[in-house]
Amino acid sequence: MLSFFLGLLLLITISGFLNTTLHAVSHTVLTMLCIIFGKTDVLSNEITVILLCSLALFGSCFGLLLRGYRIERSFKEFVGVLIFTVISIMLTAQFFSSSLSSFEYAVSSSIIWIGFVYNMLSRSYIAQLLGIFFSLNALCLISSLWGNTTNIAVTLFLYIPFLCATLILSIKTERFMRNKHG
Amino acid sequence: MDDFLKALYWGYMLCPLVGGIGVSSCKHYNSKMNCHLMICCVMFFAALLSIICGFPTLHFDLWNDDGLTRFFKVLISLGTLLASWMQKIFFPKFYLKESLAQLSKNFLLIYSLLTLSVLCVSAKTPFLISVFIVLLMLFLMIGSLYCSDRDCFNSTWNIFRIIICILIVILFNLVFYQHFTQKVALSTISESGRISILGITFAIGMFPLPLIYEELIEKSPTFLAALYTFIIPIPVLMLYIRLLNLYPFARYSDFIVLLCLVTIAYSIVGEYVSHRITPIKSVSMLVGCVVLSIMLPMHSNVYLACLFLMSLVIYAPLCVMIDRSSDDNQNDLVGWLYLALSGFPPIGIFWPCFLLIFNWSNQTFFPACILFLMLIIRGNVFFYKLRSSFLSLDLKSKEVRFVWYCLVIQIIILPLCFSDWIWNLFKFSLPIQGLG
């Protein structure tokens, strides 16, 4: 299961370089799969179903809000992010070697850190939003695997301000583009 | 008694919402402003009454009602009351410039910010507090987009995205902590605790972030800028104090202390280098002092943090208002304000600074020594830059009298009335009830 998890993560990172919407949707699918595979751990079936539906809803909302926006990326950035992902996973797994779940921690924390780096370093609004979306998905995944019901509900509730911010930003950038051309 | 306390509790929570409806139903400028002042007074007295009624505390599943929460509520309502009063004194014609609809929008935004910050302070779990902080940031963004004539959207967006990411990292570490404390004890728990504490320190506005906060405060309209100075740091500081109950080992983290000292040094260097002194830099210095006093490994740390928070709530909006007012008395007032903020005896923040240095010198000598040196340098900078301004002061003007009142409130009334109560506060403040 863990190798499957890692393979999917890398696949999503690669696909994210092609299309924003694809990135959003595939990241949501990744989260869903992880929850399905890990649901025997903590969650009850009802919560899993609600979580899957809401994640699909949030992912499609995000994709719809940002339709038509594209990020231009170079090959250098692509390789850089891949190397960063692999190194961060390796380092974290090495650092937390005493724990049984160190690999899960490593993978999910590196998704969060990649999101953080995207968010902090990139200049375009869309890439910053994608960074937040990465981190939120990873948090949702980890809190649904390990957390309790209140934590999951609150984590899901964090998506709403994020979607509102996406909406505001898309309105703002559209207005900006209209002013620029007109 | 319980019913009365419950009525006070929920009345205080709902007061800004009802106030928003009341203000939007007023037809004239003056009536709107008076209604707003009245609501601020009601909020302040409701918070004060809940303190006077004292303990027993109420028990809810999701909400807190310990002494610390009540104190933070008093702080928020006191800050809003003072900011509204200052608005009336320093900018009597400010609200006449805007249309009635725009003014109603501004007031609605202010009341929603107030409600959210009160909810943040009262929430019990760190997860819930984080959601309210993110919502607060979202409302700041909406406000900057629709209620402001200046373009401060980029700075609010920067703060929003950085804080949401920091909060995600903290929540992730909290889940990790909760998971492993239930199953196995790990040495890595302390690492996750340190990451969380470091993240929350950044979120308050410690060293790298004051640049963005300053941009936000400088670009936003006056009354909102006065609110931003304390409405963002106070809920985040509350989260910080609640997290320290979870991670008691993180109190000895040297890095945070170093970060506080760097923040204070940054504010002093910024004041020395800039040609025109802007009092906004003092806000980051006060926040640094609050965190430094929380990090004290002694049981009096909450008392000291509360003293600094009172100074923050009183001086930070005053700094913004005086900085914005283009009155003739501006230099004189800035001079007096700096005298109060420099830590010289006997006025202003002298007493908390003295206690801070004294307590740190009892523990370790290094931070106390550095802090003492920095305060002396800061006092000298102020004296050389403003020595000619505050000697020619017209004591009869309305603004000067208001500054005097603020000084009297901060130096005499608040310490006299609240000291015993705050001193006992940490004994009664309940530790956080788990994570979930």
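Residues numbered from 1 in each chain as written. Chains lettered and ligands numbered in written order. Predicted model: local features only at pLDDT ≥ 70, side-chain atom pairs only at ≥ 80, totals over all residues.

## Quick notes on the overall build of chain A
Now for step 1: The helix and strand inventory of chain A stands at eight helices and zero strands.
Now for step 2: Listing the helices and strands of chain A from first to last along the sequence gives α-α-α-α-α-α-α-α.
Now for step 3: Out of the 182 residues in chain A, the part that is buried amounts to 37%.
Now for step 4: The long-range share in chain A, meaning contacts at least 24 apart out of those at least 6 apart in sequence, stands at 61%. (Helix = DSSP H or I, 4+ residues; strand = E, 2+ residues; numbered from the N terminus. Buried ≥ 20, exposed ≤ 12 C-beta atoms within 10 Å, placed from the backbone. Contact = placed C-beta atoms within 7 Å.)

## Let's talk about the overall build of chain B
Now for step 1: When helices and strands are counted, chain B shows 18 helices and zero strands.
Now for step 2: Within chain B, the fraction of its 436 residues that count as buried is 50%.
Now for step 3: Across chain B, contacts joining residues at least 24 apart in sequence account for 77% of those joining residues at least 6 apart.

## Concerning the interface of chain B and chain A
Now for step 1: Taken together, the contact pairs 27 residues of chain B with 30 residues of chain A.
Now for step 2: Put simply, the parts of the chain that give the side of chain B that touches chain A at least two residues each are helix 5 (126–146) and helix 6 (153–182) of chain B.
Now for step 3: Here the side of chain B that touches chain A gets 13 residues from one element, more than from any other, and that element is helix 6 of chain B.
Now for step 4: In terms of residue class, the side of chain B that touches chain A is made up of 21 nonpolar, five polar and one charged. (Nonpolar A, V, L, I, M, F, W, Y, C, P; charged D, E, K, R; others polar.)

## Quick word on the packing of helix 3 (residues 67–90) of chain B against helix 4 (residues 100–122) of chain B
Residue and element names in this part refer to chain B.
Now for step 1: Where helix 3 meets helix 4, the closest approach of the two axes is 9 Å, and the angle between their N-to-C directions is 160 degrees. If you check the angle between helix 3 and helix 4, you find them roughly antiparallel. For the pair helix 3 and helix 4, the crossing hand works out as right-handed. Where helix 3 approaches helix 4, its residues Thr69, Phe72, Lys73, Ile76 and Thr80 are matched on the opposing element by Leu114, Ser117, Val118, Val121 and Ser122.
Now for step 2: Per-class residue counts for the contact of helix 3 with helix 4 are five nonpolar, four polar and one charged. (Axes fitted to C-alpha atoms, helices over the stretch in contact; angles between N-to-C directions. Parallel < 35°, antiparallel > 145°, perpendicular 65-115°, else oblique. Left-handed = near helix turned anticlockwise from the far one by under 90°.)

## Structural notes on helix 1 (residues 2–25) of chain B
Residue and element names in this part refer to chain B.
Now for step 1: Compared with the 34 Å implied by 1.5 Å per residue over 24 residues, the 33 Å span of helix 1 between its first and last C-alpha is a close match.
Now for step 2: Within helix 1, the axis deviates most sharply at leucine 14, by approximately 40 degrees, and proline proline 16 lies no more than four positions further along.
Now for step 3: Three or more residues of helix 1 are buried, namely Tyr9, Tyr12, Cys15, Pro16, Gly19, Gly20 and Val23.
Now for step 4: Check the buried side of helix 1 and you find it contacts helix 2 (29–53), helix 3 and helix 4. (Expected span 1.5 Å × (residues − 1). Bend = angle between axes of the 7 residues up to and from the residue.)

## Some thoughts on the packing of helix 4 of chain B against helix 5 of chain B
Helix-helix packing is characterised by the crossing angle of the two axes and by the distance between the axes.
All names here are of chain B.
Now for step 1: Packing of helix 4 against helix 5 leaves a shortest axis separation of 9 Å and a crossing angle of 165 degrees. Between helix 4 and helix 5, the angle falls in the class roughly antiparallel. Read as a crossing pair, helix 4 and helix 5 show a hand that is left-handed. In this structure, helix 4 uses Lys105, Leu109, Ser112, Leu113, Leu116, Ser117, Leu119 and Cys120 to contact helix 5, whose residues at the interface are Ile129, Phe132, Ile133, Leu135, Leu136, Phe139, Gly143 and Tyr146.
Now for step 2: Tallied by class, residues from the contact of helix 4 with helix 5 come to 12 nonpolar, three polar and one charged.

## Concerning helix 5 of chain B
Now for step 1: Between the first and last C-alpha of helix 5 of chain B there are 30 Å, a value that for 21 residues agrees with the 30 Å anticipated at 1.5 Å per step.
Now for step 2: Taken across its 21 residues, helix 5 of chain B has 18 buried, putting it largely inside the fold.

## Some remarks on the confidence of the model for chain B
Residues and elements named next belong to chain B.
Now for step 1: Residues at a pLDDT of 70 or more form 79% of chain B, whose mean pLDDT is 77.
Now for step 2: Mean pLDDT across the secondary structure elements of chain B bottoms out at helix 18 (residues 425–428), with 55, and peaks at helix 5, with 85.
Now for step 3: Note on residues 428–436: pLDDT is under 50 here. Beyond four places in sequence and across chains, it has 22 contacts.
Now for step 4: At the level of chain-chain contacts, confidence expressed as ipTM amounts to 0.81, with global pTM at 0.84. (pLDDT = per-residue confidence, 0-100.)

## Side note on the confidence of the model for chain A
Now for step 1: Per-residue pLDDT for chain A has a mean of 69; in total, 53% of the residues score no lower than 70.
Now for step 2: Across chain A, element-level confidence peaks in helix 7 (residues 149–157) of chain A with a mean pLDDT of 80 and bottoms out in helix 1 (residues 2–15) of chain A with 54.

## Digging into the environment of B:Val400
Now for step 1: Topologically, B:Val400 is positioned in helix 17 (residues 398–423).
Now for step 2: You can call B:Val400 partly exposed: it has 16 C-beta atoms within 10 Å.

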